[in-house]
Amino acid sequence: MAIRPIRILGEPGDDVLRQQAQAVDLLDGSIQVLIDDMFETVRAAPGVGLAAPQIGVPLRIVVIEVPEVPAFALINAEVVRHSGRRWVEEGCLSIPGYRGELFRSVKVTVKGLDRQGRPIRIRAGDDLLAQALEHEIDHTNGLLYIDLLGGPEHLHGIERGEAAVAEVESESQETVDHEPRGAARQQTTRGVRRGVPPRLMTARLRLRTPALSKSG
Ligand code: NI
């Protein structure tokens with residue numbers, strides 16, 4: 001395994017961050033090495049997620065390591081359903097020194113393949129997993145969280161060292177339901193269980209986890 005350099009927005013080689021990544025056809029040995037390297041890279045950063053374009057590989061592969069679930073890789077992932085809105089704070093390993101506030105979905109359903117090529121479906125709700133899934137899958141579509149900010153006032157520089165104490169704050173919720181009614185109930189993936197139940201009724205929920213602002 002190896003730690004690979006992370007592409008930084010505004011630095012040479014950052015064009016890959018803005019590309020639509022390609023689907024993976026064959027999960028061969030080189031892809032397995034890539035996934036292992038992505039895990040090592042995100043742990044070293046440290047962060048909670050990483051997408052392959054962030055290390056210069058324009059493929060639809062993400063890894064996520066959050067407290068809620070065992071670390072996992074997701075190939076050719078797409079968000080198939082999402083609902084609700086919540087106001088969160090996040091950062092990105094490719095945009096060091098900043099974090100921003102934006103809306104993310106409350107509930108997210110994602111489908112893709114695990115690293116063995118088996119189809120998986122993940123449901124997450126109102127937690128860091130849901131946020132990380134949206135953030136990392138956005139990367140595979142060339143989208144960065146700064147594209148989702150309501151304005152420049154929602155982007156903040158952070159002090160060096162402050163990133164180690166990160167947080168997601170959910171301060172408001174507007175229910176915007178995008179889910180089709182009566183849709184079949186989805187199976188959760190083994191090892192990737194549903195996120196914690198919604199707790200948005202709690203005023204100014206503050207959820208502290210390591211390195212959250214460097215989400216990926
Ligand atoms: Ni990121």
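Up top is the structure.
Residues numbered from 1 in each chain as written. Predicted model: local features only at pLDDT ≥ 70, side-chain atom pairs only at ≥ 80, totals over all residues. Heavy atoms only, no water.

Trainee: Explain the overall build of the protein chain to me, please; I cannot follow it from the model alone.
Mentor: Regarding its fold elements, the protein chain presents two helices and 10 strands. Listing every helix and strand of the protein chain by position from the N terminus yields α-β-β-β-β-β-β-α-β-β-β-β. Residues counted as buried form 50% of the 216 residues belonging to the protein chain. (Helix = DSSP H or I, 4+ residues; strand = E, 2+ residues; numbered from the N terminus. Buried < 20%, exposed > 50% of the residue type's maximum accessible area, 1.4 Å probe, protein only.)

Trainee: Teacher, can you tell me more about the pattern of salt bridges here?
Mentor: Between side chains of opposite charge, a pair can form when the charged atoms approach closely. By the definition in use, this model includes nine salt bridges. The shortest N-O distance in the salt bridge between D36 and R115 comes to 2.9 Å. Residue D36 is found in helix 1 (residues 29-44), and its partner R115 is found in the loop between strand 5 (107-113) and strand 6 (119-125); the two are separated by 79 residues along the sequence. For the salt bridge of R86 with D126, the shortest nitrogen-to-oxygen distance reads 3.7 Å. Of this pair, R86 sits in strand 3 (residues 72-90) while D126 sits in the loop between strand 6 and helix 2 (128-140); the two residues are 40 residues apart in sequence, bridging distant segments of the chain. With respect to burial, R86 and D126 carry one shared label: buried. (Salt bridge = Lys/Arg side-chain N within 4 Å of Asp/Glu carboxyl O.)

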